[in-house]
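Structural features, examined
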Amino acid sequence: MRGRELKPPLRPAQPRPALASLPETNKVTKLAQARTALRFPVNPDTRAFYRRFYPDTSTVEWNDWRWQMRSRIRSLDELARIFALSADERAAVERHEGALPVGITPYYASLMGLDDPNEPLRRTHVMTGAEYIRSPGEADDPLDEDHDTVVPGLVHRYPDRVLFLTTGTCSTYCRYCTRARVVGNPGGEYQFSTRQWEKALAYLEAHSEVRDVLLSGGDPLTLGDDKLDWLLTRLRAIKHIEFLRIGTKVPVVLPQRITKDFAKMLKKHHPLWMSIHVTHPAELTDEVTESTSRWAARPC
Ligand code: SF4
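Let us now look at the side chain of Thr105. Tracing the backbone shows Thr105 in the loop between helix 6 (87–95) and helix 7 (106–109). Classification of Thr105 by relative accessible area gives buried; the value is 0%. Within polar-contact distance, the side chain of Thr105 engages the backbone oxygen of Val253 at 2.7 Å. Once you skip the residues sitting within four places of it in the chain, Thr105 turns out to touch Gln68, Arg72, Ser171, Thr172, Val253 and Leu254.

Let us look at the sheet that holds strand 2 (residues 154–158). A sheet is described by the order of its strands in space; here six strands give the open sequence 1-2-3-4-5-6, paired in mixed fashion. Here the strands that pair on one side only, and so sit at the sheet edges, are strand 1 (149–151) and strand 6 (272–276). Going from strand to strand, the sheet's axes swing by 25° on average, the running direction of each strand aside. Strand direction decides the pairing type here: strand 3 (residues 161–165) and strand 4 (residues 212–216), joined by five bridges, are parallel.

So, about the packing of helix 10 (residues 225–236) against helix 12 (residues 260–267). Viewed as axis vectors pointing N to C, helix 10 and helix 12 meet at an angle of 10°, and their least axial separation amounts to 10 Å. Judged on the interaxial angle alone, helix 12 and helix 10 are roughly parallel. Only Phe262, Met265 and Leu266 of helix 12 make contact with helix 10, whose side of the interface consists of Asp225, Leu228, Asp229 and Leu232. When grouped by side-chain class, the residues that make up the contact of helix 10 with helix 12 number five nonpolar, no polar and two charged.

In this section: a nonpolar patch on the surface. Taken together, the side chains of Ile276, Val278 and Leu284 define a hydrophobic patch exposed on the protein surface, amounting to about 240 Å² of accessible area. One can find Val278 in the loop between strand 6 and helix 13 (286–293). On the accessibility criterion, Val278 (40% relative accessible area) is partly exposed.

Further remarks concern helix 10. Given a rise of 1.5 Å per residue, 12 residues ought to cover 16 Å, and the 16 Å separating the end C-alpha atoms of helix 10 matches this to within 8%. Within the span of helix 10, buried status applies to Leu228, Asp229, Leu231, Leu232 and Leu235. Taken down its axis, helix 10 places every buried residue within 165° of arc, on the same side. Of the surrounding secondary structure, the elements contacted by the buried residues of helix 10 are strand 3, helix 9 (194–206), strand 4, strand 5 (243–248), helix 12 and strand 6.

Most of strand 3 sits inside the fold, with four of its five residues counted as buried. The pairing of strand 2 with strand 3 spans three bridges and is antiparallel. Opposite Tyr158, over in strand 3, you have Arg161 as the bridge partner. Count of turn residues in the strand 2/strand 3 antiparallel hairpin: two residues.

Note the cis peptide between Gly217 and Gly218, where omega equals 15°. Of note, Gly218 is situated in the loop between strand 4 and helix 10. Here the bond from His270 into Pro271 is cis, since omega is 0°, no more than 30 degrees from zero. Positive phi, normally seen in glycine, also occurs at Asp144, with a value near 55°.

What follows is about the site of the ligand. Around the ligand, the neighbouring residues are Cys170, Thr172, Tyr173, Cys174, Cys177, Gly218 and Lys249. Of the residues that constitute the shell around the ligand, the class distribution is four nonpolar, two polar and one charged.

It is worth spelling out the packing of helix 9 against helix 10 at this point. Two elements in contact, helix 9 and helix 10, have axes whose closest approach is 11 Å; the angle formed by their N-to-C orientations is 15°. Regarding the angle of helix 9 to helix 10, the classification is roughly parallel. For the crossing formed where helix 9 meets helix 10, the hand is right-handed. Contacts from Thr194, Trp197, Glu198, Leu201, Leu204 and Glu205 in helix 9 reach Lys227, Trp230, Leu231, Arg234 and Leu235 in helix 10. For the contact of helix 9 with helix 10, the residue count by class is six nonpolar, one polar and four charged.

Rules of the game
Residues numbered from 1 in each chain as written. Predicted model: local features only at pLDDT ≥ 70, side-chain atom pairs only at ≥ 80, totals over all residues. Heavy atoms only, no water. Helix = DSSP H or I, 4+ residues; strand = E, 2+ residues; numbered from the N terminus. Buried < 20%, exposed > 50% of the residue type's maximum accessible area, 1.4 Å probe, protein only. Polar contact = N/O pair within 3.5 Å; in protein donor to acceptor, adjacent residues only side chain to side chain. Contact = heavy atoms within 4.5 Å. Pairing = 2+ DSSP bridges. Axes fitted to C-alpha atoms, helices over the stretch in contact; angles between N-to-C directions. Parallel < 35°, antiparallel > 145°, perpendicular 65-115°, else oblique. Nonpolar A, V, L, I, M, F, W, Y, C, P; charged D, E, K, R; others polar. Patch = residues over 30% accessible without salt bridge, like charges linked within 9 Å, V, L, I, M, F, W, Y side chains within 5 Å. Areas by Shrake-Rupley, 256 points an atom, 1.4 Å probe, with all protein chains shown as cover. Salt bridge = Lys/Arg side-chain N within 4 Å of Asp/Glu carboxyl O. Expected span 1.5 Å × (residues − 1). Arc of directions from axis to C-beta. Near = heavy atom within 4 Å. Left-handed = near helix turned anticlockwise from the far one by under 90°.

Rendered as structure tokens:
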């Protein structure tokens, strides 16, 4: 069931209480958050985009990564409100079902060609009919990760390193994803949970040959600060693990996620290696300069 009945945003936007009605401590927190959000850059094209398509959205909301997640474009109606859809795109979205749904952060949509179906970022995130062509030799699991899965979500192919799938959620769903069978489908093949993580951690504790853990998914940076902090702390406590890496597209499609508090939390776990997924030069905006600068191992 897709098209007009695509999944709604994760949580409906909640009405915000007026600042004056909040207790004093909440007011201080809200004002601090607002000041932080206003310090995050908004490039001129993106600003023009959100004023056009999200006129009731403040800069504070726009720069709030949770607002961006809640407001992801996930339905044909939302796509059609923003993009001049081709007949092919429209039919492909209507036909879609299962994993790898449409999902685009408003920020990332602001970088796309609204009138050009062949603009590169749009081609990689708005589905077309070609997505349904199945060629000989194509597989649901093209990297054959299932074959090397030792406990659910943990792929151990090479002797000293593992792939740790932490979540099935991404902020933006790429049509070329090699894990299309897994992502964006909470009721699907993989159920990610702390209980599942515990099984993976027990495996890692028992396998002293593993020196290198790559966290991926889905995108680990869609996890809450506390949850990711917890997982990194547990991994850091395993003495034979020397390298922790995170594979992520979030700094590019949801740069607002890299708050100073989040960067500070990650700094506790340094050295952390980040594999940042960049597809096209058009993604390299002021916002991405800011988010990736915050990664650097220097005082936040
Ligand atoms: S962000 Fe990564 S895991 Fe998520 S859909 Fe894109 S390629 Fe797949």
